[in-house]
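Structural features, examined
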Amino acid sequence: VSGAKKAKTDKDDNNTNGLATCRMLLAELEAHQDAWPFLTPVNHKAVPGYRKVIKKPMDFSTIREKLTNNQYLNLETFIVDVNLVFENCERFNEDDSEIGRAGHRMRSFFDKRWTELLK
Ligand SMILES: Cn1cc(C(=O)NCCN2CCCC2)ccc1=O
């Protein structure tokens, strides 16, 4: 009957909420050669000023944890956290620095990949 909600099962293989796409994208981010600054949370004890400047820290291992704990509703909420990694990086690092450049390279890689997958 029209309007009846389709029960969500894990057989729901048309990837409706994009979680298979999140898993694929995160695996590619983690495997990227320029991912090294983003693989684990920034150690604010070792990085002066980080805790004060960056209000919402985020990194790939935290995203992995949230994905594992089913904390992402859909691809959109996942993309918000990935973009937070890159926004934090741009805020804290000079564009002309090792980490700043790595962040720009990772952001353009991610933008390219998810737009390819969503087309
Ligand atoms: C994203 N980001 C990362 C850092 C950082 O120092 N990461 C540690 C990188 N090391 C690699 C091998 C062990 C740890 C500093 C500022 C920043 O914005």
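Residues numbered from 1 in each chain as written. Predicted model: local features only at pLDDT ≥ 70, side-chain atom pairs only at ≥ 80, totals over all residues. Heavy atoms only, no water.

**Concerning the packing of aromatic side chains**
- A complete count under the given rule lists five aromatic pairs for this structure.
- With centroids separated by 6.0 Å and ring planes inclined at 50°, the aromatic side chains of Phe38 and Phe60 adopt a geometry described as tilted. In this pair, Phe38 is assigned in the loop between helix 1 (19–31) and helix 2 (50–53) and Phe60 in helix 3 (residues 60–68), connecting sequence segments 22 residues apart. Like Phe38, the residue Phe60 is buried in the burial classification.
- Considering the side-chain rings of Tyr50 and Phe92, the 4.8 Å spacing of their centres and the 65° angle between planes classify their relative orientation as edge-to-face. Remark: Phe92 occurs in helix 4 (residues 75–92) and Tyr50 occurs in helix 2; sequence separation between them is 42 residues.
- Taken together, Phe38, Phe60, Phe86 and Phe110 form an aromatic cluster joined through their ring pairs. (Phe/Tyr/Trp six-rings, centres within 6.5 Å; stacked < 30°, edge-to-face > 60°. Helix = DSSP H or I, 4+ residues; strand = E, 2+ residues; numbered from the N terminus. Buried < 20%, exposed > 50% of the residue type's maximum accessible area, 1.4 Å probe, protein only.)

**So, a nonpolar patch on the surface**
- Side chains of Trp36, Leu39 and Ile99 sit close together on the surface and give an oily, nonpolar patch of about 260 Å² of accessible area.
- By the secondary structure assignment, Leu39 is in the loop between helix 1 and helix 2.
- We classify Leu39 as partly exposed; its relative accessible area is 34%. (Patch = residues over 30% accessible without salt bridge, like charges linked within 9 Å, V, L, I, M, F, W, Y side chains within 5 Å. Areas by Shrake-Rupley, 256 points an atom, 1.4 Å probe, with all protein chains shown as cover. Salt bridge = Lys/Arg side-chain N within 4 Å of Asp/Glu carboxyl O.)

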